[in-house]
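Residues per chain, in single letters:
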Amino acid sequence: MWVCPKCGRSFKNTEQGHYCGKPPETIEAYIDAQPEAAQGYLRQVNAAIQASIPGAQERISWSMPTYWKGRNLIQFAAAKRHIGLYPGPKAVEAFAGQLAKYKTSKGSIQFPYSEPLPLELIAEIAKWCEMECDAEK
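Residues numbered from 1 in each chain as written. Predicted model: local features only at pLDDT ≥ 70, side-chain atom pairs only at ≥ 80, totals over all residues. Heavy atoms only, no water.

Participant: Before we move on, can you summarise the pattern of salt bridges with the specific residues and values?
Facilitator: Overall, the coordinates contain six salt bridges when judged by the stated rule. Asp32 is the partner of Arg43 in a salt bridge, and the nearest nitrogen-oxygen pair spans 2.5 Å. Linking Arg43 in helix 2 (residues 36-52) with Asp32 in helix 1 (residues 27-32), this pair joins segments that are 11 residues apart in sequence. We note a salt bridge from Glu115 to Lys101, for which the minimum N-O separation is 3.5 Å. In this pair, Glu115 sits in the loop between strand 8 (108-112) and helix 4 (119-136) while Lys101 sits in the loop between helix 3 (89-94) and strand 7 (103-105), placing the two residues 14 residues apart along the sequence. Looking at Glu115, the relative accessible area reads 27%, which means it is partly exposed. Taken together, the shared-partner salt bridges in this structure form one network comprising Glu28, Asp32 and Arg43. (Salt bridge = Lys/Arg side-chain N within 4 Å of Asp/Glu carboxyl O. Helix = DSSP H or I, 4+ residues; strand = E, 2+ residues; numbered from the N terminus. Buried < 20%, exposed > 50% of the residue type's maximum accessible area, 1.4 Å probe, protein only.)

This is how it looks when you write it as structure tokens:
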């Protein structure tokens, strides 16, 4: 276990990223709190999602930028070496062919900073998540 020297919280992973205090209240505040090198990537992902699902509400959930419409549709976050996109397991399965070159796990996709972001794909996944949510109603 690793204990953050600033806030005293314990984590499984050494130097795990987290907030030492009150989480951000807006997506823009979340982005501004991230390392400068990640901010441009985060803004691009946010803009792609925002444009593809303009009717969704912007929230912070689990200390991550979240787009919500009756439930969480899609989330994203900065990590040390990648942007994490969290559309859920059904979306990862539905887009498996297009995501073959990226690391995925149940419900998450990693887009490394070392490669250009697939913004059209991110927008397509976000739109799919919204349509899936609407279909479940």
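Moving on, there is more to tell.
Participant: Which residues make up the pairing of strand 6 (residues 82-86), and what values go with them?
Facilitator: The element strand 6 is extensively covered by neighbouring structure, given that four of its five residues are classed as buried. Pairing analysis gives four bridges linking strand 5 (residues 72-78) to strand 6, with the strands arranged antiparallel. Looking at strand 6, one finds that Ala77 is bridged to Gly84. Connecting strand 5 to the next strand, strand 6, in antiparallel fashion are three residues. Both strand 6 and strand 8 contribute to a ladder of four bridges, which runs antiparallel. Residue pairing for strand 8: Gly84 is matched across the bridge by Gln110. (Pairing = 2+ DSSP bridges.)

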